[in-house]
Amino acid sequence: MRILVVHSHPVAESYSTALFRCAVETLRAAGHQVRPLDLYASGFDPVMGRQERIDYHDPAVNRRGLEEQVELLRWAEGLVFVYPTWWYSLPAMLKGWLERAWLPDVAFHLPPDGGRVRPLMGHVRLLGGISTYGAPWWLTRWVGDPGRRVIMRGLRAVCPWRCRTFWLAHYRMDSSTPESRAAFLTKVKAKLASIER
């Protein structure tokens, strides 16, 4: 399977980056074609400017400067997101990537008459998330786990109904131990190694 692994963390020595590297290596070892996308390392600009917003609904021009991101989305049969949950949601960098790259007539078709939105990510067969949370699981659930909802419901809505999904979470990251982090890495490896091509 062609899998795009998207990572969002500004610190190359972070545990999140270790999870990202683990995901890329494990998927490649399992025989998948993998393209890693480290949003910070690649210098991606998450800010949507004035003209970009004006052009957002015009497919003739809305991809300017985002051609590489669009090509990655069209290439991918699987999408795996690796990121830390901050303030219960996606880091601003990752949210900015979704807002800028998941464009009309790339990820979905928005009828000019205001009709029903049509999904355009029919080539995606796998959607997954790997995240760390500072909060315990019960507080994350009470708040509604917004980041997970964006990916597992929002992005899932433009993928085919047969698209497989998974979510792996390490809670209480702020009080984690070397043992808890090692155990979670093992869990991530096992899950990703089991994904069929």
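In this text the structure is predicted, and so the values were computed from the model without any measurement. (Residues numbered from 1 in each chain as written. Predicted model: local features only at pLDDT ≥ 70, side-chain atom pairs only at ≥ 80, totals over all residues. Heavy atoms only, no water.)

Caption draft 1: Structural detail: the side chain of aspartate 38. Mapped onto the secondary structure, aspartate 38 falls in strand β2 (residues 33–38). Among buried charged residues, aspartate 38 stands out as having no salt bridge; its nearest opposite-charge side chain is arginine 21, 6.6 Å away. (Helix = DSSP H or I, 4+ residues; strand = E, 2+ residues; numbered from the N terminus. Buried < 20%, exposed > 50% of the residue type's maximum accessible area, 1.4 Å probe, protein only. Lys, Arg positive; Asp, Glu negative; His and termini not counted. Salt bridge = Lys/Arg side-chain N within 4 Å of Asp/Glu carboxyl O.)

Caption draft 2: The arrangement of the sheet that holds β2 in detail. In space, the 5 strands of this open sheet follow the order β2-β1-β3-β6-β7, with parallel pairing throughout. One side of each edge strand has no neighbouring strand; the edge strands of this open sheet are β2 and β7 (164–170). In this sheet, neighbouring strand axes are inclined to one another by 15 degrees on average, regardless of whether the strands run parallel or antiparallel. The sheet contact formed by strand β1 (residues 2–7) and strand β3 (residues 78–85) spans 5 bridges and is parallel. Among the inter-strand pairings, valine 6 is bridged to a residue of β3, identified as phenylalanine 81. Contacts between helix α6 (residues 146–155) and the sheet are confined to β3, β6 (126–133) and β7, with β6 contributing the most and set at about 175 degrees to the helix. (Pairing = 2+ DSSP bridges. Axes fitted to C-alpha atoms, helices over the stretch in contact; angles between N-to-C directions. Contact = heavy atoms within 4.5 Å.)

Caption draft 3: How the structure looks around the pattern of salt bridges. Within this structure, the stated rule accounts for 5 salt bridges. In this structure, arginine 100 engages glutamate 52 in a salt bridge whose closest nitrogen and oxygen atoms are separated by 2.8 Å. Here glutamate 52 lies in helix α2 (residues 50–55) and arginine 100 lies in helix α4 (residues 92–101), a separation of 48 residues in the sequence. Each member of the pair, arginine 100 as well as glutamate 52, is classed as buried. For lysine 95, the salt bridge identified is with glutamate 99, shortest N-O distance 2.5 Å. Note that lysine 95 and glutamate 99 are positioned in helix α4 at a spacing of 4 residues, about one turn of the helix. One salt-bridge network, in which partners are shared between bridges, spans Arg2, Glu77 and Arg125.

Caption draft 4: Representation of unusual backbone geometry in the model. A positive phi is found at tyrosine 88, a non-glycine position, where the angle reads about 70 degrees. Assignment of secondary structure puts tyrosine 88 in the loop between β3 and α4. For tyrosine 88, a relative accessible area of 25% puts it in the partly exposed group. Backbone geometry at aspartate 105 places phi at a positive 70 degrees, although glycine is not the residue there.

Caption draft 5: Representation of the pairing of β3 within the structure. Burial analysis of β3 places 8 of its 8 residues in the buried class, which makes it a mostly covered element. As defined by bridge partners, β3 adjoins β6 across 8 bridges and the pair is classed as parallel. Across the sheet, residue valine 80 finds its bridge partner in β6, namely glycine 128.

Caption draft 6: Just the environment of alanine 30, in detail. Along the polypeptide, alanine 30 turns up in the loop between α1 (15–29) and β2. For alanine 30, a relative accessible area of 23% translates into the label partly exposed. For the pair alanine 30 and arginine 197, spaced 167 residues apart in sequence, the C-alpha separation works out to 8.1 Å.

Caption draft 7: View of α4. Among the 10 residues that make up α4, 7 are buried, leaving the element largely enclosed by the rest of the structure. Here the buried face of α4 lies against β1, β2, α2, α3 (67–75), β3 and α6.

Caption draft 8: Examining the packing of α1 against helix α7 (residues 178–193) more closely. At a minimum axis separation of 9 Å, α1 and α7 run at an interaxial angle of 30 degrees. In terms of orientation, α1 lies roughly parallel with respect to α7. Judged by the twist between their axes, the crossing of α1 over α7 is right-handed. Of the residues in α7, those in contact with Tyr15, Ala18, Leu19, Cys22, Ala23, Thr26 and Leu27 of α1 are Arg181, Phe184, Leu185, Val188, Lys189, Leu192 and Ala193. Split into classes, the residues belonging to the contact of α1 with α7 amount to 11 nonpolar, 1 polar and 2 charged. (Parallel < 35°, antiparallel > 145°, perpendicular 65-115°, else oblique. Left-handed = near helix turned anticlockwise from the far one by under 90°. Nonpolar A, V, L, I, M, F, W, Y, C, P; charged D, E, K, R; others polar.)

Caption draft 9: Inspection of the environment of valine 61 at higher detail. Relative to the helices and strands, valine 61 resides in the loop between α2 and α3. On the basis of relative accessible area, valine 61 is assigned to the buried category, the value being 16%. Sequence separation between valine 61 and leucine 155 is 94 residues; the distance between their C-alpha atoms is 23 Å.

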